[in-house]
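# Inside the fold
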Number of protein chains: 2
Amino acid sequence: MENKQKITIKDIARMTGLSKGTVDRVLHNREGVSRKSYSKVMKVIEELGYEPNIYASLLAQKKERIVLVLLPKYEPGEFWELTEEGITESSESAGNLGVKVEKVDYDQYDIESFRNACKKALSLKPSGVVLAPMFRNETLVFVDKLNTLGIPFVYIDTKLESNSYLAYFGMPTYQSGYLCAHILTDEQDPKEVAIVRIQRDKFGKSDPTINRREGFMDYIAEHFPACTPYNIFINPNKPEEIDSTLEQFFSEHPDVRHIAMFNSRIYLITSFLGKHPEKKYRVVGFDNLAANIKALKDGLVTCLIAQRPGDQAHRAISALTDLLVFGREPSGRDNFMPMDVLTRYNAEYY
Amino acid sequence: MENKQKITIKDIARMTGLSKGTVDRVLHNREGVSRKSYSKVMKVIEELGYEPNIYASLLAQKKERIVLVLLPKYEPGEFWELTEEGITESSESAGNLGVKVEKVDYDQYDIESFRNACKKALSLKPSGVVLAPMFRNETLVFVDKLNTLGIPFVYIDTKLESNSYLAYFGMPTYQSGYLCAHILTDEQDPKEVAIVRIQRDKFGKSDPTINRREGFMDYIAEHFPACTPYNIFINPNKPEEIDSTLEQFFSEHPDVRHIAMFNSRIYLITSFLGKHPEKKYRVVGFDNLAANIKALKDGLVTCLIAQRPGDQAHRAISALTDLLVFGREPSGRDNFMPMDVLTRYNAEYY
DNA sequence: TTCTTTTCCGTGCACGGTAACGGAAAAAAT
DNA sequence: ATTTTTTCCGTTACCGTGCACGGAAAAGAA
């Protein structure tokens, strides 16, 4: 199984009677090699199972490659901060392999800023790109350009159905909604459930919460056809209004005991929840933001479904460096990461 | 933040007026350097923030180090298979760093075989050891020997309270039992719960199920003081008896609806569960063995608490290679891995 | 002072691979 | 047959570190 001694270029040179220069040319498919020499070298390589020593290679090349990450700007404590943490972590290991990770951010509510970010990204001449697609059409334009430039890219969080991406790392969004409903109802039989939504979920944006809602609704329809789902809209920019909106809804619907929210901001309703401990609401939200974890531990939120954004970023970058440095294609294109179920008793270990 | 150009030994040599040989001696704390030269070099190193190029270093050293993993033998589908998968995976990345991973296994029910495994392990002259302690006393003897030899070691799965281990990667066992009870009862109010146990949980073995049981009992006592826990003992070697044992217990206790099991073998009771779908037992077990996952998907088991044995192994090996190759101490000694909550709707993504 | 020992340090090759340079051999053009 | 062009390939100088060898300088012994 194991070759006792790793075989080197010099060995191959000796065995074929050629020089290391020629062997190197064969290995890199460079021109200037006769058919005969080419096949002589290939034969030995296949028989002996040559594997290059990448460290020697890296050392000799001293080439710097750039992996470009295109991410939305965020406020501290927001979802994308978790992604960024993963990026920072993997920059180090990528750096060890001679790959530099550069970040370019944009305002996720401003198309123009996204366009600029794309332009800036291209100007850095990256060897690979990681991106979370927010604006559907603009993203398609951008990845098209990447394609013509031959730059591989990886989606995280959400993917578009263009067929040219190297890989995708994210949560199975429909399934996550389905799971959410399962956990929310815990196989009991609710007559009504409340879904809290953020107002501006609009325009041509690529948005995982849409699929989540679908999965959720399907579960409810399949298991509790008699159950009525209500939508409540809140405005994150006006926190003072949130409580009153919720108060009003729940005083009009006093029997609703189940609450779900499909974005990462379940923490927005904890103020309201804290005022009504006697109602024992069953509440399920998404993502392990610090504020959400706190709500979980305080017993205000029953459960969180989390998706390891850090891992997603990490694996996306790994996939690219693997390709760029080792020439290894990722083993699977669509990689769905686990959906972690967090309760107050296991949250601190995530 | 970033040094534009990485500084090299040659640079330091030039700047201090010394030769790279001397700089090298300083870097490795080798003898034969005068005070004056030593401090000159150190000064530059600290100011310029020199970081060695490990790949050049690895290339030059060409030294092979061995990380030895000591694991119980297992049948296909058992818990330790998951650990081994993680080991196989990380052998590759460790191999890239010039570290070879060797496995030595033993029969976890035979002390003598463990002793032999230890002997064999030492004979391989490892630079580091990973082990899951099963036999308490024998393990203490072994790690003592490792200590006197200056060989660092890492515990996985369980740890002993000796103070000399480099790191530990595992599940917080007590907490996992607590969580198990929480999920099993889902904050309702059971009058009775059944705990299924394996008979031979005996002799001086280090066993995570003991702590789990404790955590479980504490949760029950704290939340449902009126609840009665029953213990049922089954014998895994006589599968034909299991069903009848369970039948008998549950016919004597027809109101028991909650079942927990603290080892990885919840699949042993699926045959029984499958015969009584009308009872709608709530069943919580541990570990994502293939057989357990199947039971989950079949709706026989409500929930599994899983502990990523592969990750544990992976991180244990990483910790050792980091130390051996880069000289980096692990950031924390006791590393508790997340407890994953698996239901039928998220299990397939683990 | 002279000789020996110890301390300190520079030199140079090795590790495996890369890639530019230039020359020999083969093919094409004259 | 000679010249020009093209194809092919060997040589060589690195990349950043490690380490053995041997020599110079300093310290100690005579």
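Below: a short report on this structure. (Residues numbered from 1 in each chain as written. Chains lettered and ligands numbered in written order. Predicted model: local features only at pLDDT ≥ 70, side-chain atom pairs only at ≥ 80, totals over all residues. Heavy atoms only, no water.)

### Observations concerning unusual backbone geometry
The phi torsion at A:Lys62 lies on the positive side, around 55 degrees, for a residue other than glycine. The class of A:Lys62 is exposed, set by a relative accessible area of 70%. Backbone geometry places B:Asp287, a non-glycine residue, at a positive phi of 80 degrees. Tracing the backbone through its elements, the reader meets B:Asp287 in the loop between strand S9 (282-286) and helix H12 (290-297). Note on B:Asp287: relative accessible area 3%, which makes it buried. (Buried < 20%, exposed > 50% of the residue type's maximum accessible area, 1.4 Å probe, protein only. Helix = DSSP H or I, 4+ residues; strand = E, 2+ residues; numbered from the N terminus.)

### Overview of the protein's contact with DNA strand D
Inspection of the region around DNA strand D gives 28 residues, with A:Ser19, A:Ser37, B:Lys20, B:Asp24 and B:Tyr50 positioned closest. Near the protein, meaning within 4 Å, the atoms of DNA strand D are sugar or phosphate in a fraction of 66%, with bases accounting for the rest. The separation between a phosphate oxygen of DNA strand D and a polar main-chain atom of B:Ile9 is 2.8 Å. For the surface near DNA strand D, the secondary structure elements donating two or more residues are helix H2 (20-27) and helix H4 (54-61) of chain A together with helix H1 (9-16), helix H2 (20-27) and helix H4 (54-61) of chain B. For the surface near DNA strand D, the residue count by class is nine nonpolar, twelve polar and seven charged. (Near = heavy atom within 4 Å. Polar contact = N/O pair within 3.5 Å; in protein donor to acceptor, adjacent residues only side chain to side chain. Nonpolar A, V, L, I, M, F, W, Y, C, P; charged D, E, K, R; others polar.)

### Side note on helix H6 (residues 111-123) of chain B
Residue and element names in this part refer to chain B. Taking 1.5 Å as the rise per residue, H6 with 13 residues should run 18 Å; its terminal C-alpha atoms sit 19 Å apart, in good agreement. The elements touched by buried residues of H6 are strand S1 (65-72), strand S2 (99-106) and helix H7 (136-149). Where H6 terminates, the next one or two residues include Lys125, which has phi positive at roughly 50 degrees. (Expected span 1.5 Å × (residues − 1). Contact = heavy atoms within 4.5 Å.)

### Some remarks on the relation of the copies chain A and chain B
With an RMSD of 0.2 Å, the fit of chain A onto chain B corresponds to turning through 180 degrees and sliding 0.1 Å along the axis. Within this description, the copies of the chain are treated as partners about a two-fold rotation axis. Comparing interface residues between copies, 100% of those in chain A also sit at the interface in chain B, which points to an isologous, same-surface contact. (Least-squares fit on C-alpha atoms with pLDDT ≥ 70 in both.)

### Section: the nonpolar core
Buried together is how nonpolar side chains tend to be arranged in soluble globular proteins. Counting residues in hydrophobic clusters, the biggest one holds 106 residues, and the most contacted among them are A:Leu70, A:Phe142, B:Leu70 and B:Phe142. Discounting residues that sit within four places of it in the chain, B:Leu70 has contacts with B:Val104, B:Tyr106, B:Phe114, B:Ala117, B:Cys118, B:Ala121, B:Val130, B:Leu131, B:Ala132 and B:Phe142. Ranked by size, the runner-up nonpolar core spans 48 residues in total, among them A:Ala260, B:Ile195, B:Cys227 and B:Phe286. (Core = buried A, V, L, I, M, F, W, Y, C linked by side-chain atoms within 4.5 Å.)

### A word on the sheet that holds strand S1 (residues 65-72) of chain A
Residues and elements named next belong to chain A. The six strands lie next to each other as S2-S1-S3-S4-S5-S11, forming an open sheet whose pairing is parallel. Edge positions in the open sheet fall to strand S2 (99-106) and strand S11 (334-336), since each of these has one partner strand only. Recorded for the sheet is a direction-independent mean angle of 15 degrees between the axes of neighbouring strands. Where S1 and strand S3 (residues 128-131) come together, four bridges link them in parallel fashion. Directly across from Val69, in S3, lies its bridge partner Val130. (Pairing = 2+ DSSP bridges. Axes fitted to C-alpha atoms, helices over the stretch in contact; angles between N-to-C directions.)

### Quick word on the pairing of strand S9 (residues 282-286) of chain A
Residues and elements named next belong to chain A. Taken across its five residues, S9 has five buried, putting it largely inside the fold. Residue alternation in S9 divides its side chains into two sets, Arg282, Val284 and Phe286 and Val283 and Gly285, and both sets are buried. Across three bridges, strand S8 (residues 258-261) lies against S9 in parallel orientation. By the bridge assignment for S9, His258 is matched with Arg282. Summarising the sheet, S9 and strand S10 (residues 303-306) pair through three bridges and their orientation is parallel. Following the sheet pairing, Val284 is matched in S10 by Cys303. The parallel pair S9 and S10 is bridged by helix H12 (residues 290-297), and the resulting crossover is right-handed. (Right-handed = clockwise from strand over helix to strand, strands pointing away.)

### Structural notes on the interface of chain A and chain B
Interface size is commonly expressed as the accessible surface area that is lost when the partners come together. The partner chain B presents 32 residues to the 32 residues of chain A that form the contact. Considering only the side of chain A, the residues that lose the most area to chain B are A:Tyr55, A:Tyr345 and A:Tyr349, jointly responsible for 28% of the buried surface there. Counting every contact that joins chain A to chain B gives six salt bridges. At the surface where chain A touches chain B, the tally comes to ten residue pairs in polar contact (both at pLDDT 80 or more). Taken together, the elements giving at least two residues each to the side of chain A that touches chain B come down to H4, helix H5 (79-96), helix H8 (173-185), helix H9 (208-223) and strand S12 (340-342) of chain A. Among the elements that line the side of chain A that touches chain B, the one with the most residues is H8(A), at four residues. Its residues assigned to classes, the side of chain A that touches chain B shows 16 nonpolar, eight polar and eight charged. (Buried area = accessible area lost by both parts, 1.4 Å probe. Salt bridge = Lys/Arg side-chain N within 4 Å of Asp/Glu carboxyl O.)

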